[in-house]
Amino acid sequence: MLASLLPSAASALSAPAVGALPLLAQQLGRRLYHKNVVEHYERPRNVGSFDKSDPDVGTGLVGAPACGDVMKLQIKVDEQGNIVDARFKTFGCGSAIASSSVATEWVKGKSLDEVLKIKNSDIAKHLSLPPVKLHCSMLAEDAIKAAVKDIQAKRTKTATAAA
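Residues numbered from 1 in each chain as written. Predicted model: local features only at pLDDT ≥ 70, side-chain atom pairs only at ≥ 80, totals over all residues. Heavy atoms only, no water.

- Looking at an unreviewed UniProt entry, the protein chain carries the name Iron-sulfur cluster assembly protein, with the source organism given as Chlamydomonas reinhardtii.
- What UniProt records for the protein chain under Subcellular location (unreviewed entry) is the sentence "Mitochondrion matrix". (UniProt positions renumbered as here; feature names shortened; annotations may be inferred.)

## Quick notes on the sheet that holds strand E1 (residues 57–64)
- Spatially, 3 strands are ordered E1-E2-E3 in an open sheet, and the strand pairing comes out antiparallel. Unpaired on one side and paired on the other, E1 and strand E3 (83–91) mark the two borders of the sheet. In this sheet, adjacent strand axes meet at a mean angle of 15 degrees when their direction is disregarded.
- Pairing analysis gives 8 bridges linking E1 to strand E2 (residues 69–77), with the strands arranged antiparallel. Paired with Thr59 across the two strands is Gln74, which belongs to E2.
- Contacts between helix H5 (residues 94–107) and the sheet are confined to E2 and E3, with E3 contributing the most and set at about 175 degrees to the helix.
- Seen against the sheet, helix H8 (residues 134–162) touches E1 and E2 and runs at an angle of roughly 145 degrees to E1. (Pairing = 2+ DSSP bridges. Helix = DSSP H or I, 4+ residues; strand = E, 2+ residues; numbered from the N terminus. Axes fitted to C-alpha atoms, helices over the stretch in contact; angles between N-to-C directions. Contact = heavy atoms within 4.5 Å.)

## Examining the packing of helix H7 (residues 120–127) against H8
- Where H7 contacts H8, the two axes come as close as 8 Å, and the packing angle between them is 130 degrees. Relative to H8, the element H7 lies oblique. The handedness of the crossing between H7 and H8 comes out as right-handed. Contacts between H7 and H8 pair Asn120, Ile123 and Ala124 from the former with Leu134, Ser137, Met138, Ala140 and Glu141 from the latter. (Parallel < 35°, antiparallel > 145°, perpendicular 65-115°, else oblique. Left-handed = near helix turned anticlockwise from the far one by under 90°.)

What follows is the structure, given as structure tokens:
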């Protein structure tokens with residue numbers, strides 16, 4: 001049965017060569033993830049963090065208890081309400097890391113209102129995520145919303161204290 005599904009894989013599994021299985025795993029892994037996921041997983045953009053006490057930084061920390069993924073996305077916002085930089089740290093699978101990386105790229109240069117229009121379906125489509133990985137793009141959308149909510153709360157608190 002395996003031979004009918006993956007003829008080259010079946011021959012690699014039956015081959016006595018010691019290094020055959022890792023090569024097979026690499027080949028299968030490439031087929032399971034879209035090139036955009038692999039690109040953002042292997043070369044993630046904007047990894048890191050800002051000082052969360054910075055009044056110009058909004059932090060969104062979200063998690064998916066079902067799979068154990070945790071995503072922290074931070075935005076640095078100028079006085080006009082435009083996102084000038086973004087960072088992320090994600091503990092999770094390749095799809096979660098790729099979703100975080102894409103999210104940080106997409107929010108930079110946009111206003112707070114504009115980034116709230118970024119939907120998980122847009123991220124999932126860009127990365128060609130399979131249905132079983134859609135929760136990763138949902139985490140990214142939730143992290144964006146949480147970061148915006150955090151910066152808005154900071155700014156409201158600052159404005160109230162100044163008044």
